Amino acid sequence: MRQLDPQVRALIEGMAGGASPASPPAADPVALRELYRSSRAALRPPPPWPEVAVVRDLVMAGPGGELALRLYRGAGTDAGALLPAVVYFHGGGWMVGDLGTHDVVCRQLANAAGCALIAVDYRLAPEHRFPAAVEDSVAAVRWVAAQAAALGIDAARIAVAGDSAGANLATVAALTLRDLPLAGDPGLAMQLLVYPVTDLGLQTPSYASDTGRYLLTHADMLWYRGHYLRNDADIADWRASPLRAASLAGLPPTYVMTAGFDPLLDEGRAYADALRAAGVDVTYECFEGQIHGFLLMGGVLAASQHAIYRLAQGLTRELSSSSAAAAGRVRPPRP
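## A short note on the overall build of the protein chain
Within the protein chain one finds nine helices and eight strands. Over its C-alpha trace the protein chain gives a radius of gyration of 18 Å, about what one expects of a compact globule, namely 20 Å for 335 residues. If one aligns the C-alpha atoms of the protein chain with their principal axes, the spans along those axes are about 55 × 45 × 40 Å. Relative to its 335 residues, the protein chain shows a buried fraction of 59%. Long-range pairs, those at least 24 residues apart, make up 77% of the contacts in the protein chain with a sequence separation of at least 6. Carbon and sulfur atoms make up 55% of the accessible area of the protein chain, which totals about 12800 Å².

## What to know about the packing of helix H4 (residues 132-146) against helix H6 (residues 165-179)
Their axes nearest at 9 Å, the elements H4 and H6 cross at an angle of 65°. For the element pair H4 / H6, the angle class is roughly perpendicular. Crossing handedness for the pair H4 and H6: right-handed. For the pair H4 and H6, the contacting residues are Ala133, Val134, Ser137, Val138, Val141 and Arg142 in the first and Leu169, Val172, Ala173, Thr176 and Leu177 in the second. Split by residue class, the contact of H4 with H6 holds eight nonpolar, two polar and one charged.

## Thoughts on empty space enclosed by the protein
All chains considered together, the criterion is met by three cavities of 30 Å³ or more. The volume enclosed by the second largest cavity comes to roughly 60 Å³. Around the second largest cavity, the lining is made up of 13 residues, and of these Arg44, Thr101, Val104, Val105 and Leu296 lie nearest the centre. For the lining of the second largest cavity, the element with the highest residue contribution is helix H3 (residues 103-113), accounting for four residues. When grouped by side-chain class, the residues that make up the lining of the second largest cavity number five nonpolar, five polar and three charged.

## Notes on the pattern of salt bridges
Counted according to the given criterion, the structure contains 18 salt bridges. With its nearest N and O atoms 3.4 Å apart, the salt bridge here joins Asp103 to Arg70. Here the residue Asp103 occupies a position in helix H3, and Arg70 occupies one in strand E2 (residues 65-73), the gap between them amounting to 33 residues. You can call Asp103 buried: its relative accessible area is 9%. The exposure class assigned to Arg70 is buried, which follows from its relative accessible area of 17%.

## Re H4
A rise of 1.5 Å per residue sets the reference length of H4, with its 15 residues, at 21 Å; its end C-alpha atoms lie 21 Å apart and thus fit the reference within 8%. Most of H4 sits inside the fold, with eleven of its 15 residues counted as buried. Within H4, burial applies to Ala132, Ala133, Val134, Asp136, Ser137, Val138, Ala140, Val141, Trp143, Val144 and Ala145.

## Here we look at the pairing of strand E1 (residues 54-62)
Sheet topology note: the E1/E2 ladder contains nine bridges and is antiparallel. Counted as the bridge partner of Val55 is Tyr72 from E2.

## What to know about the nonpolar core
Counting 114 residues, the largest nonpolar core has Leu200, Tyr228, Ile291 and Leu295 as the members making the most contacts within it. Sort the elements by how many residues they give to this core and H6 lands first, with nine residues. Those residues in contact with Leu295 that sit more than four places away from it in its chain are Tyr88, Val105, Val194, Tyr195, Ser304, Ala307, Ile308 and Leu311.

## Concerning the pairing of strand E4 (residues 116-121)
With respect to burial, E4 is a largely interior element, five of its six residues being buried. With six bridges joining them, E2 and E4 adopt antiparallel strand pairing. Its bridge partner being in E4, Ala68 is matched across the sheet by Asp121. With H3 bridging strand E3 (residues 83-89) and its parallel neighbour E4, the resulting β-α-β unit is right-handed.

Conventions used here
- Residues numbered from 1 in each chain as written.
- Predicted model: local features only at pLDDT ≥ 70, side-chain atom pairs only at ≥ 80, totals over all residues.
- Heavy atoms only, no water.
- Helix = DSSP H or I, 4+ residues; strand = E, 2+ residues; numbered from the N terminus.
- Rg over C-alpha atoms; globule rule 2.2 N^0.38 Å.
- Buried < 20%, exposed > 50% of the residue type's maximum accessible area, 1.4 Å probe, protein only.
- Contact = heavy atoms within 4.5 Å.
- Areas by Shrake-Rupley, 256 points an atom, 1.4 Å probe, with all protein chains shown as cover.
- Axes fitted to C-alpha atoms, helices over the stretch in contact; angles between N-to-C directions.
- Parallel < 35°, antiparallel > 145°, perpendicular 65-115°, else oblique.
- Left-handed = near helix turned anticlockwise from the far one by under 90°.
- Nonpolar A, V, L, I, M, F, W, Y, C, P; charged D, E, K, R; others polar.
- 1 Å grid on protein atoms, 1.4 Å probe; cavity = no way out; pocket = protein on both sides within 12 Å on 5 of 7 lines; lining within 4 Å.
- Points joined across faces, edges and corners; volume = space filled by probe spheres on them.
- Salt bridge = Lys/Arg side-chain N within 4 Å of Asp/Glu carboxyl O.
- Expected span 1.5 Å × (residues − 1).
- Pairing = 2+ DSSP bridges.
- Core = buried A, V, L, I, M, F, W, Y, C linked by side-chain atoms within 4.5 Å.
- Right-handed = clockwise from strand over helix to strand, strands pointing away.

Following this line, the structure appears as structure tokens:
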């Protein structure tokens, strides 16, 4: 029987019996953003933050105005090398989160994988409802590919990644690049999806079981959905619910990570299964004793550090394979 990690249990017991430090229905969207920032700051590893070789704030022209991005180059990487790159979309229900809330995780991942990472500060709902965040995400991937030489990255080795709502945006960007390609679009090397939102119908069994009552609940997800989508008809749009896409064939190799006590558990696993059935190379891993958002809780949960290590392993394997394929060499077998 699945059991909560002891560190998770201690965290929950310290939060008034399991109430989230930033429960959506209790706050308006603007107030919730500050609550989210403060709660993530309390749970991330303490300073000093991981040192990276380069961290630089960037600006691009997005579909709805300027978008902020942040470039990281992992510690120890060669300043003159064209590094593999990850375009990263933060989680937060499409409503909260920013470059600051995910700064430590982005540093950790860039260092552990020895890559460049570009975090994207996409437009948030409800000020900018669906599909604004999708449009920004696709535009950001295209911009990174177009600016590859100036950013010091290898355009043949670009991955997309994200957690929760950010993972939703990452895979929707990958689907868009597959279905609506433009000249110069990158051929993505990988997608890295951490407890992804894949079906906004919100009807999977994990919403009703014990897995769906810790920090993120069904009521929370309904609240986020109501502020993100324009109307209920958007639920069926594959850009909101990628599990409902007509086909998942032709997507890049994918690493899907879920948490055992997360209402998103079942849809994350279902997406991995659907990708595999469509012929996509998939690695699926569930952190059985963990809760939604654990990746950002490295200050209190050891599993967060292990998750970074596992994600970096996946990135290194796939991005190295992409380099070999680009050079005409045989791709090594998956272990």
